[in-house]
Amino acid sequence: MRFYQALSVGRIPVLIDTKMTLPFENLIRWQDFIVFEKDEGQCLAKVQQIHAAGQILARQESCYRIFHDYLSPRVFLDQLLRQLQNGGAAAPRNVQ
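Source: prediction; values computed, not measured. (Residues numbered from 1 in each chain as written. Predicted model: local features only at pLDDT ≥ 70, side-chain atom pairs only at ≥ 80, totals over all residues. Heavy atoms only, no water.)

A.B. asks: I would appreciate a short explanation of helix H2 (residues 40-52) in the present structure.
C.D. replies: Because an α-helix packs 3.6 residues into every turn, residues spaced three or four apart end up facing the same way. Between its first and last C-alpha atoms H2 spans 18 Å; for 13 residues at 1.5 Å apiece the expected length is 18 Å, and the two agree. Buried residues in H2 make contact with strand S1 (14-16), strand S2 (35-37) and helix H3 (56-71). Its side-chain oxygen at 3.1 Å from the backbone nitrogen of Gly 41, Asp 39 defines the N-terminal cap of H2. Positive backbone phi, approximately 70°, marks Gly 54, located one or two places after H2. (Helix = DSSP H or I, 4+ residues; strand = E, 2+ residues; numbered from the N terminus. Expected span 1.5 Å × (residues − 1). Contact = heavy atoms within 4.5 Å. Polar contact = N/O pair within 3.5 Å; in protein donor to acceptor, adjacent residues only side chain to side chain.)

Right under this line is the structure:
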């Protein structure tokens, strides 16, 4: 739930990769937008890297857009139905 809340307000989720499946992985290259690393140390290093590169604002804006384009209650069902109609394989959208 916190993952979706963070995205909805344009914040960058930080997750430890437990081999979980993220929504719309075939459309969204999550690793380009969120921090999703194998352990806490790698998460911290990734956050520092993003900050040092001046990418915080751009990633926050992308997270906000991803939520509102794919995951908000207003659009989620349409996106899910589109995926099911396409057999789950759709060309990735240009999410930046």
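From this point, the narrative continues.
A.B. asks: Where do I start with the state of the cysteines in this structure?
C.D. replies: The bond known as a disulfide is covalent and runs between the sulfur atoms of two cysteines. For the coordinates displayed, the defined rule picks out zero disulfides. Cys 43 takes part in no disulfide bond, and the closest cysteine sulfur to it belongs to Cys 63, at a distance of 14 Å. We classify Cys 43 as buried; its relative accessible area is 5%. A relative accessible area of 0% places Cys 63 in the buried class. (Disulfide = S-S within 2.5 Å. Buried < 20%, exposed > 50% of the residue type's maximum accessible area, 1.4 Å probe, protein only.)

Nothing here speaks to function; it is all geometry.
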